[in-house]
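# Examining the three-dimensional arrangement
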Amino acid sequence: MEFPLQDFDLEDETDFLLGGSLNHGGDMDGGLATQSRTPRNRKTLGTFLCGCFCSIWRRCCGPRELRPRTIHLGKPTPGQFPANTIRNQKYNIITFLPLVLYQQFKFFLNLYFLIMATSQFVPDIRIGYLYTYWGPLCFVLFVTICREAVDDLRRHKRDQEVNNQKCKRLLRNSEKSIEIVPASKLKVGDLIIVDKDERVPADLILLRTSERSGAVFVRTDQLDGETDWKLRLAVPATQKLPNDRQLFEINASIFAEKPQRDIHSFIGTFTRHDSLSGDESLDLENTLWTNCVIASGQALGVVIYTGPETRSVMNNSAPRSKVGLLDMEVNTITKILFVAVVGLALIMMALKGFSGPWYRYMFRFVLLFSYIIPISLRVNLDMGKTYYSWAISHDPNMRGTAVRCTTIPEELGRISYLLSDKTGTLTQNSMVLKRVHLGTVSYAQDSFDDVKTVLKQAYSNVEGPPSHTGKMRKSENSRIKDAVQALALCHNVTPVYENNEDSETSSISSSEAEADQHMQSTEEQVVTYQASSPDEVALVQWTKEVGLALNRRDLSSMQLQAPDGRLLNYSILLVFPFTSETKRMGVIVKDLQTGEIVFYLKGADVVMSAIVQYTDWLEEECGNMAREGLRTLVVARKVLSEEQYNDFESRYNAARMSVSDRVQRVAQVVESLEREMELLCVTGVEDKLQYNVRPTLELLRNAGIKIWMLTGDKLETATCIAKSSRLVSRTQGLHVMKKVVTRTDAHLELNAFRRHSDYALVVSGESLEVCLNYYQQEFMELATAAPAVVCCRCSPTQKAQVVQLIQKHTGKRTAAVGDGGNDVSMIQQADAGIGIEGREGKQASLAGDFSIPQFSYLARLLLVHGRHSYKRSASLSQFVVHRGLIISTMQAVFSSVFYLSSVALYQGFLMVGYATLYTMFPVFSLVLDQDVSAEIALTYPELYKELSKGRSLSFKTFFMWVLISIYQGGVIMYGALLLFEDEFIHIVAISFSSLILTELIMVALNIRTWHYLMVLAELLSLALYVLSLIVLHDYFDSEFIRTPDFFWKVLVITLISCLPLYILKFLRKKFSPTTYSKLS
């Protein structure tokens, strides 16, 4: 395939570069023209090569230029477009090793040891064997490279699952009309078919659907977090074609704007070149974005954007390498230790005197004391992380949990802010009608059978058309009938019938005989209700359950089935859809049996209270339902005469035809009808919460974690869920920020919220944007201090921006949890990203650092595993540092006593064996330690608050361990020097034996909960050291170690180094115990 666009660009750029160089030459003085042509030729060639290189670099590594495109139906589309693949990997084959090595050597610890190991190639400053430095360093790098490779291979495997999704592509070939291809093979211009419940694999323009009207419903909660089903319409010109094959026969093209981030808009045109009809404009209603799911029927579309140019991917941020706070703290400690190494070397040199080749001795001292900074620290921490990840994945109380990123389990123990999605994370996306209030009586789930009985009686005793004045007092039965009828008629719900056998959608044609519809066997046909609002589906589902079922609905008519089986037909005269401004929807219907015209209206209580006739119970009942977390809707009606309706229709149509102020004029006409309406009922709908959401949120709140809810859903919905899930406690106030457009609005609203500092904040995405533009610092100060924050109508990019701002303004650790594609950016930006494997896909689960099957596992993940991971790593890192400090203290004492010589105290294998064979197992066994059990951690979530302060690994605890190391190192070395009698080799035997015993005892003293593997590790290490005493004749005097002198000297030194610390620990535990020890 040729790509003329790309060729043209390259030539154009090259010509420009060449032209520029020649022009400059032409502008020079005439004298220069007589010079030799060779320099100019070289210059021209150099410019040409430079231009080519720059162009290639820009194409390969620079940002891709986004362009509009024209797609000819059924023909290949010229131009280069990205492959239709999702990529969450951090590396590729070329960048893997350089990037991993860079990530490792940007840590001061590893860089320092690389320099130290490299210095051993210089003979003058070599101290020991090369393997004593290069062995540990290579082992560390090998472990890290393997871990990163495994993590990235897992990401690659998960990406492949998505990229290999099977798609149906239409072919021009007459023999084989459809071929099955993986999603990664789709190209711009391909015609593809997407079936019901299938994920849309690329951004499409909808050309045809299985519905005659060209309509199809899609679920977009993976894109914008909204549970509402969205209506999408096929291009009318292609929908009218007799069959799919005609798409290859017609001469038509589609113009699509350049790829944008905005998921709520699209500009395009459809042009039919072989007919006189003009261009048809295309907008959002004609599109199917990637990751939408077809909710009904079958859709055929043409691919317009692929891979990184799709709306879904453009709203995702690139995956970043996350570094835990503990790793950064350890890095800071290693820098302090490096200063200590250099300081100690300078002191030694000052005592020795700066004479002769002093810099050589100086470097030798730095090498001698380099064990202060232990290379094994990173190995131990990395192996610890691997174990924590394994423990999380294999926790029987959290089955199905997966750890995608093994480098940051300790972050789970330091979380201060949790940012959660709503749809599918806190809620199940399943609406249920819980309560109906009729003024005199309230019906809940346990009394809906009474409604069913009353309705059956009402429809069996039909007495001609009732004349309702709205003023007369009605019987309870009559109220129930009117209320249920209103709920069955006032909506935008469409019933879809599916065959049980093959699940193929069969829309019932409006021309079918009513009798035929009624006679259709319910065993063969299963009805599902579709609507843009799940609330409406819940209401219509309820009316069906109590006996009044919606049978059929099209643009102009509706049919209900009464409890006695009769079919009731209505003509839809006008529909007023719900908008966020009006907060209500209405419909005017005509009963074809009686000729009665009724205007039904339902909406939020805040707007409906001014529309309906005054009642004393409305406000109170709406408040009661809201406190229970139910979404309230007020339903009213108005009976119109023929004259009233005709007058209204003429005014309404005139307003719709006006050129200026059309929206305001239409609103005024509709409002003229919305006066003194008869209040029928108030409904309370519950969005079912995920299992154990309330206790989980309460646990997290008690643990000191501030919870923010970021959702793409409507403000009213978000507020209801915040209350019902107890995100906002019953006693807490709620400050809803009004719509903010200007700087003044933002200033006034922030001042209003400042007066309610203990209230939870509710803010919309648009208002948030304005506040952040003008008063970012002030807004973040107020918001981060609030007990809870709800951000509604948030775009995926905004969610990530909020996470970033919290990190920037507070410096605290954040966790983000979500289940949809629209949460990926937020999850990747957070310090700990947690994906929930939802019903609608795995995108969030695959992009997260951790994946959990349900929200309730979050409490255990943070309070138990987060706590253990952080506490264990803090303890482990301090012990490893102590192990290096104690031996370096002994080296310093030894060098100062023996004439400041730069000779190693322990040679060769003893140095390597000390950090590995003899002490590695007991020190690493600290990853099994736990200060409190899982039950206590969950029973007393307040214990978690202490972790965010970072006291387990702080400068205070670090300097305490430094003092312990100096004391123990000094005691062991001076004790050995005082007690040895004959030979230098005895000093080595006494001091090294005391050192190993001291380390084993210190580990035992610091263990809080013993595990059988810890005991095994202690005994194994002791056995290995005893074996070394017998075997290593080059390092130990075999005759001396058999004498009683050796034993008593070692025991006395060990006792003096450990006993005072045990006494101090005992006294502290008795008189100043820690919080967790009191509970244990």
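In case you missed it, the structure is sitting above this.
Read on for an overview of the structure. If you're wondering where the values come from, they're calculated on a predicted model, not measured in any experiment. (Residues numbered from 1 in each chain as written. Predicted model: local features only at pLDDT ≥ 70, side-chain atom pairs only at ≥ 80, totals over all residues. Heavy atoms only, no water.)

## Remarks on unusual backbone geometry
Leaving glycine out, the prevailing phi sign among residues is negative, and the prevailing peptide bond configuration is trans. Even without being glycine, N291 reaches a positive phi, approximately 80°. Mapped onto the elements of the fold, N291 is located in the loop between β11 (287-288) and β12 (293-294). (Helix = DSSP H or I, 4+ residues; strand = E, 2+ residues; numbered from the N terminus.)

## Some details on the packing of helix α20 (residues 693-702) against helix α27 (residues 857-897)
With their axes 8 Å apart at the nearest point, α20 and α27 run at an angle of 25° to one another. It follows from the interaxial angle that α20 and α27 lie roughly parallel. Crossing of α20 over α27 shows left-handed handedness. Residues T696, L699 and L700 of α20 lie in contact with α27, whose contacting residues are L858, A859, L862 and L863. Of the residues that constitute the contact of α20 with α27, the class distribution is six nonpolar, one polar and no charged. (Axes fitted to C-alpha atoms, helices over the stretch in contact; angles between N-to-C directions. Parallel < 35°, antiparallel > 145°, perpendicular 65-115°, else oblique. Left-handed = near helix turned anticlockwise from the far one by under 90°. Contact = heavy atoms within 4.5 Å. Nonpolar A, V, L, I, M, F, W, Y, C, P; charged D, E, K, R; others polar.)

## Examining the sheet that holds strand β6 (residues 215-219)
Taken in spatial order, the three strands make up an open sheet running β7-β6-β12, and their pairing is antiparallel. The open sheet has two edge strands, β7 (229-233) and β12, and neither has a second partner. With five bridges joining them, β6 and β7 adopt antiparallel strand pairing. Counterpart to F217 in the pairing with β7 is L231. (Pairing = 2+ DSSP bridges.)

## A look at the pairing of strand β31 (residues 813-818)
Burial within β31 is extensive, with six of its six residues counted as buried. Judged by which residues are buried, β31 turns out to be covered on both faces: R813, A815 and V817 on one side and T814, A816 and G818 on the other are all buried. Where strand β15 (residues 415-420) meets β31, five bridges bridge the pair, whose relative direction is parallel. Directly across from I415, in β31, lies its bridge partner R813. Sheet topology note: the β31/strand β32 (residues 832-836) ladder contains four bridges and is parallel. In the sheet register, V817 faces β32, and the bridge partner there is I834. With helix α25 (residues 824-829) bridging β31 and the parallel β32, this β-α-β connection has right-handed handedness. (Buried < 20%, exposed > 50% of the residue type's maximum accessible area, 1.4 Å probe, protein only. Right-handed = clockwise from strand over helix to strand, strands pointing away.)

Nothing here speaks to function; it is all geometry.
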